[in-house]
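Now for the letters of each chain:
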Amino acid sequence: MKPAAYEYHRAYTVEEVVSLLDELGEDAKILAGGQSLAPMMNFRLARPSALVDVMRIAGLDHIRREGDELHVGALARHRAVETSRDPGVLEGFGLLPRAARWIGHYPIRARGTVGGSIAHSDPTAEWCLLARLFDARIVVQGPAGQREVPAQEWFGGFLTTASDPGEMVVETRFTRPRGHGAMTEYARRRGDFAIAAVGLAFDVVDGRFSDVGIVLGGVAATPVRASEAESILEGAAVDGDAVVEASRAAAADLNPPSDLNGDAAYRRHLVENLTRRGVAEALAVGATR
C-alpha cells in the first residue's frame, strides 16, 4: 500500500519545527530517519496530515561525553554510535555501540536515528531499553522551551511517551557509566524485533557485583526494570550461584503477552536464559570493548 495524502514541510531549526507543529496541529508528525514512521504510513496504520522533515537541522547529530554523562543528539544515526571508537563512549558506555549492532539491518542503522527510536517508544527497541538501563534523561523542546524527562517517566505505554503536543526530542543524556554491560535478545531472524530482550550493566568491585541494572524488553508495553534480580546480584560474588537465582527472578514475576511469536511461558523462559547469558557476556567483554 501507499500512504494517505499529506503535506510535506522541511525545517532547518528546532524553533522552526516547534512553530510548524503548532501551526499544523496534533495530526502532524516529525520525520527523521523514517524507519518506523514510513512503514506505518504505507500500511495506513498512521495517517498524519503533515510531515515535518527535521533531517536538515544542523548540530543535532552529536555524540559527546560531558563528565559522567553521554549526550546523544536526536539526529545521531544508529550506525554512528555503532562505529564510534571515542574513548568518551567506550569508557563506561561501551555497551551502546555493541547494542546498536542488534538494530534492524544495515540500511536501517545507516538511516535511522536515536531520537526517532526514543520518540517512537517501541518496548522492544534497543534504545528504549538502553535509556532505562542507563537512567537517561530525554531532552525535548516545545513552545515553552526545553525540559528534561527521566526515562522511567518517558515511556508511557506501547508507542506512547510523556511528550506534549508540539514538542521535539532533541537529545538523550545517558548517565550511570559502568564497567560491564551486555544486551542479549532473541528474534526469529536477525534484524527482526526481539521476542524478548535483556539489557544489563554493572561494575565489579573486589570480585562482587556493584551498581547492577537489568532491563527487559518485549515482555510488557514498556521496558521493564528487573528490580528483584538487581537486588540479588548487588553485592554477590561474580563466581557464585547468584547469577542463576537472579536470572530466575528476572522471569518469575513477569506476565508477558502471548502472540504468534510465543506465549507468556516461552517469553519467561527466554528472559531467564538471556539474563544468564548476558551476565556471562558482560563479564567477558568488560567496559571498553
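The following refers to the structure shown. Source: prediction; values computed, not measured.

What follows deals with the sheet that holds strand E12 (residues 196-205). Read across the sheet, four strands follow the order E11-E12-E13-E14 without closing on themselves; strand pairing throughout is antiparallel. The open sheet terminates on both sides in strands that have one partner only, identified here as strand E11 (180-186) and strand E14 (224-225). One ladder, built from seven bridges, connects E11 with E12; its direction is antiparallel. Across the sheet, the residue bridging to Glu 185 is Ala 197, located in E12. Relative to the sheet, helix H12 (residues 264-285) contacts E11, E12 and strand E13 (208-217), its axis offset from that of E12 by approximately 35°.

With that settled, the discussion passes to the side chain of Thr 172. Tracing the backbone through its elements, the reader meets Thr 172 in strand E10 (residues 168-174). Setting aside residues no more than four positions away along its own chain, Thr 172 makes contact with Leu 70, His 71, Val 72, Ile 118, Ala 136, Arg 137 and Ile 138.

Summed over the entire model, instances satisfying the criterion amount to 17 salt bridges. Here Glu 66 ties to Arg 64 by a salt bridge, and the two come within 2.8 Å at their closest N and O atoms. The exposure class assigned to Glu 66 is partly exposed, which follows from its relative accessible area of 37%. The closest approach of N and O atoms between Arg 147 and Asp 164, which form a salt bridge, is 3.5 Å. Placement of the pair is Arg 147 in strand E7 (residues 145-150) and Asp 164 in the loop between strand E9 (160-161) and E10, with a sequence separation of 17 residues. Taking the relative accessible area as the measure of exposure, Asp 164 reaches 40% and is therefore partly exposed. Because the salt bridges share partners, they merge into one network encompassing Arg 64, Glu 66, Glu 69, Arg 137, Glu 148, Glu 171 and Arg 173.

So, on to the nonpolar core. Leu 96, Ile 118, Trp 127, Leu 130, Phe 134, Trp 154 and Phe 174 are the most contacted members of the largest nonpolar core, which has 36 residues in total. Considering each element in turn, this core owes the most residues, six residues, to helix H8 (residues 126-133). When neighbours within four sequence positions are excluded, Trp 154 is seen to be in contact with Ile 118, Ala 119, Ile 138, Val 140, Val 149, Thr 160, Thr 161, Ala 162, Ser 163 and Val 169.

Glancing now at the sheet that holds strand E4 (residues 63-66). Strands sit in the order E4-E5-E10-E6-E7 across an open sheet of five strands; the sheet is antiparallel. The open sheet terminates on both sides in strands that have one partner only, identified here as E4 and E7. With direction set aside, neighbouring strand axes in the sheet form an average angle of 25°. Sheet analysis places strand E6 (residues 137-142) next to E7, joined by six bridges and oriented antiparallel. Across the sheet, Ile 138 pairs through a bridge with Val 149, a residue of E7. Where helix H1 (residues 14-24) meets the sheet, its contacts fall on E6 and E10, and the angle it forms with E6 comes to roughly 65°.

On to H12. With 22 residues, H12 should cover 32 Å at 1.5 Å per step; its first-to-last C-alpha distance of 31 Å lies within 8% of that length. The complete set of buried residues in H12 reads Ala 264, Arg 267, Leu 270, Val 271, Leu 274, Thr 275, Gly 278, Val 279 and Ala 282. Along the axis of H12, the buried residues cluster in a sector spanning 165°; they form a single face. Counted as exposed and oriented over 90 degrees from the buried face of H12: Arg 277 and Ala 284. For H12, the elements touching its buried residues are E11, E12, E13, helix H10 (227-233) and helix H11 (242-252). Between the side-chain oxygen at the start of H12 and the backbone nitrogen of Ala 265 there is a gap of 3.3 Å, and the oxygen is on Asp 263.

Before going further, it helps to examine the environment of Ile 63. With respect to the helices, strands and loops of the structure, Ile 63 is situated in strand E4. C-alpha of Ile 63 to C-alpha of Ala 250: the two residues are 187 residues apart in sequence and 32 Å apart in space. Setting aside anything within four residues of it in sequence, one finds Ile 63 in contact with Leu 70, His 71, Val 72, Ala 76, Ala 80, Val 81, Asp 86 and Val 89.

Cut-offs and rules
Residues numbered from 1 in each chain as written. Predicted model: local features only at pLDDT ≥ 70, side-chain atom pairs only at ≥ 80, totals over all residues. Heavy atoms only, no water. Pairing = 2+ DSSP bridges. Helix = DSSP H or I, 4+ residues; strand = E, 2+ residues; numbered from the N terminus. Contact = heavy atoms within 4.5 Å. Axes fitted to C-alpha atoms, helices over the stretch in contact; angles between N-to-C directions. Salt bridge = Lys/Arg side-chain N within 4 Å of Asp/Glu carboxyl O. Buried < 20%, exposed > 50% of the residue type's maximum accessible area, 1.4 Å probe, protein only. Core = buried A, V, L, I, M, F, W, Y, C linked by side-chain atoms within 4.5 Å. Expected span 1.5 Å × (residues − 1). Arc of directions from axis to C-beta. Polar contact = N/O pair within 3.5 Å; in protein donor to acceptor, adjacent residues only side chain to side chain.

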